[in-house]
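Analysis of the macromolecular model
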Amino acid sequence: SLKKAFDDGFLSINYSTKVKSFEQAESQREYLTFNELQSLAKAECKYPVLKKAFLFACLTGLRKSDIRQLTWQQIQPYTNGRMFVTTRMQKTKEIVHNPISDEAYGLLGERGEGLIFEGFKDKMLQGPLQRWLTAAGITKKITFHCTRHSFGSLHVEMGTDMAVIQAYLGHKNITTTQIYSKIAAQQMCQVVDKITLKRKEA
């Protein structure tokens with residue numbers, strides 16, 4: 001409001017530049033481990049389209065909005081034979097072309113026309129999702145957006161270059177991608193003993 005008043009000539013000073021914004025507390029970002037993801041893939045789910053959409057999002061890092069409107073036309077082979085998915089990033093509005101694994105493509109079943117995840121509804125992300133998670137032995141508070149966190153975090157744990165993860169997730173700023181490095185506590189525990197003051201035995 002202050003900026004608008006300055007722009008419209010009601011104020012001679014832009015007071016909005018003198019107002020400090022509130023610092024937001026860092027939010028807890030839940031994600032699935034490799035074992036949890038595998039358990040989820042094996043567990044029974046009442047809605048096959050929910051299972052297919054959720055697991056595909058874990059393997060590709062796509063947002064729920066992208067999944068909901070994803071069409072077969074957006075998934076096409078590239079010159080090297082690898083399948084690519086083309087989406088417009090919700091936040092940056094940029095178009096990205098990302099390769100997808102054979103496993104991710106295989107989840108989609110027989111190729112058709114129109115929407116890939118037809119029948120996928122938000123109401124499935126309440127009770128049905130939680131019951132599926134429980135059946136897999138997962139007690140964390142997992143939402144659909146956690147699929148994106150899982151993709152980023154698991155790639156960090158595997159040692160994927162941060163710039164590659166940034167490009168895949170469509171982050172404009174690498175600092176957004178680096179949030180996932182904070183989540184990878186498990187990987188940090190595995191490497192913390194690598195640097196030692198003790199002489200290595202021959």
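For every chain, the first residue of the written sequence is number 1, and numbering continues from 1 along that sequence. Confidence filtering applies because this is a predicted model: local features only for residues at pLDDT of at least 70, side-chain atom pairs given and counted only at 80 or more, and all residues used for totals across whole chains, interfaces and linings. The basis for every side-chain value is the complete set of non-hydrogen atoms in the structure, without hydrogens or water.

Here we take up helix α2 (residues 34-42). Residue burial is assigned from relative accessible area. The probe radius is 1.4 Å, only protein chains are included, and a residue is buried under 20% of its type maximum, exposed over 50%, and partly exposed in between. Helix and strand definitions follow DSSP, with helices as H or I runs of at least four residues and strands as E runs of at least two, each counted in order from the N terminus. Residues of α2 that are buried include every one of E36, L37 and L40, and no others. Buried positions in α2, seen along its axis, are confined to an arc of 100° and lie on one side of it. Looking at α2, the residues exposed on the side facing more than 90 degrees away from the buried face are N35 and K42. The arc in question is the one spanned by the directions pointing from the helix axis to the C-beta atoms.

So, about the confidence of the model for the protein chain. Confidence in the prediction for the protein chain averages 82 pLDDT; 80% of positions are at 70 or higher. Think of pLDDT as the predictor's per-residue confidence, scored from 0 to 100. At the level of individual helices and strands, the protein chain shows its lowest average pLDDT in helix α11 (residues 185-191), which scores 54, and its highest in helix α6 (residues 127-135), which scores 96.

In regular strands, side chains alternate between the two faces of the sheet. Whether two strands pair comes down to DSSP finding at least two bridges between them. Pairing geometry for strand β1 (residues 75-77) and strand β2 (residues 83-88), over 3 bridges, is antiparallel. Counted as the bridge partner of P77 is M83 from β2. The antiparallel hairpin formed by β1 and β2 contains 5 residues in its connecting segment, where G81 sits at a positive phi of about 90°.

Put simply, a nonpolar core is a bunch of buried Ala, Val, Leu, Ile, Met, Phe, Trp, Tyr and Cys residues held in one set by side-chain atoms that sit within 4.5 Å of each other. Core analysis: the biggest nonpolar cluster contains 43 residues, and F54, F56, I67, I75, F117, F120 and W132 have the highest contact counts within it. Contributing elements (two or more residues each) for this core: α2, α3 (48-60), β2, α6, α7 (146-158) and α8 (162-169). Looking at which element gives the most residues to this core, the answer is α3, with 8 residues.

Moving on, we come to the pattern of salt bridges. In the sections that follow, a salt bridge refers to a side-chain nitrogen of Lys or Arg positioned within 4 Å of a carboxyl oxygen of Asp or Glu. The full count for this structure, using the stated rule, is 6 salt bridges. K3 is the salt-bridge partner of D7, the closest N and O atoms lying 2.9 Å from each other. Remark: K3 and D7 occur in helix α1 (residues 2-7); sequence separation between them is 4 residues, near one turn of the helix. Using a relative accessible area of 46% as the deciding quantity, one classes K3 as partly exposed. For R68, the salt bridge is made with D122, and the minimal N-O distance between the two is 2.7 Å. With a gap of 54 residues between them, R68 in helix α4 (residues 64-68) and D122 in the loop between α5 (102-107) and α6 connect regions that are remote in the sequence. Here the residues in one salt-bridge network are K64, R68 and D122, joined through shared partners.

Interaxial angles span 0 to 180 degrees and are taken between N-to-C directions of axes, which are lines fitted to C-alpha atoms, for helices over the stretch in contact. In the contact formed by α7 and α8, the axes pass within 10 Å of each other and the chain directions differ by 160°. Relative to α8, the element α7 is oriented roughly antiparallel. Crossing angle aside, the handedness with which α7 passes α8 is right-handed. Here R148, F151, G152, H155 and V156 of α7 come into contact with α8, specifically with M162, I165, Y168 and L169. When grouped by side-chain class, the residues that make up the contact of α7 with α8 number 6 nonpolar, 2 polar and 1 charged. An angle below 35 degrees is treated as roughly parallel, one above 145 as roughly antiparallel, one from 65 to 115 as roughly perpendicular, and anything else as oblique. Crossing chirality is assigned from the near helix's rotation relative to the far helix, an anticlockwise turn below a right angle marking it left-handed and a clockwise turn marking it right-handed. What makes two residues a contact is simply this: any of their non-hydrogen atoms within 4.5 Å. Residue type decides the class: Asp, Glu, Lys and Arg count as charged, Ala, Val, Leu, Ile, Met, Phe, Trp, Tyr, Cys and Pro as nonpolar, and the leftover types, Gly among them, as polar.

A few words on the pairing of strand β3 (residues 95-99). Where burial is concerned, the two faces of β3 differ: the one with V96 and N98 is buried and the one with I95, H97 and P99 is not. Direction of pairing for β2 relative to β3: antiparallel, over a ladder of 5 bridges. Considered in β3, the bridge of T86 is made with H97.

This part is about the environment of I116. Counting through the fold element by element, I116 comes out in the loop between α5 and α6. Through-space distance from the C-alpha of I116 to that of T71 is 5.2 Å; in sequence the pair is 45 residues apart.

Below, the discussion takes up a nonpolar patch on the surface. On the surface, a cluster of nonpolar side chains totalling about 340 Å² of accessible area is made up of L2, I13, Y15 and V19. Position of I13 relative to the elements: it lies in the loop between α1 and α2. Using a relative accessible area of 38% as the deciding quantity, one classes I13 as partly exposed. A patch is a set of surface residues, each over 30% in relative accessible area and not in a salt bridge, joined within 9 Å for like charges and within 5 Å for the nonpolar side chains Val, Leu, Ile, Met, Phe, Trp and Tyr. Surface exposure here means Shrake-Rupley accessible area, sampled with a 1.4 Å probe, where a residue is shielded only by the protein chains that are shown.

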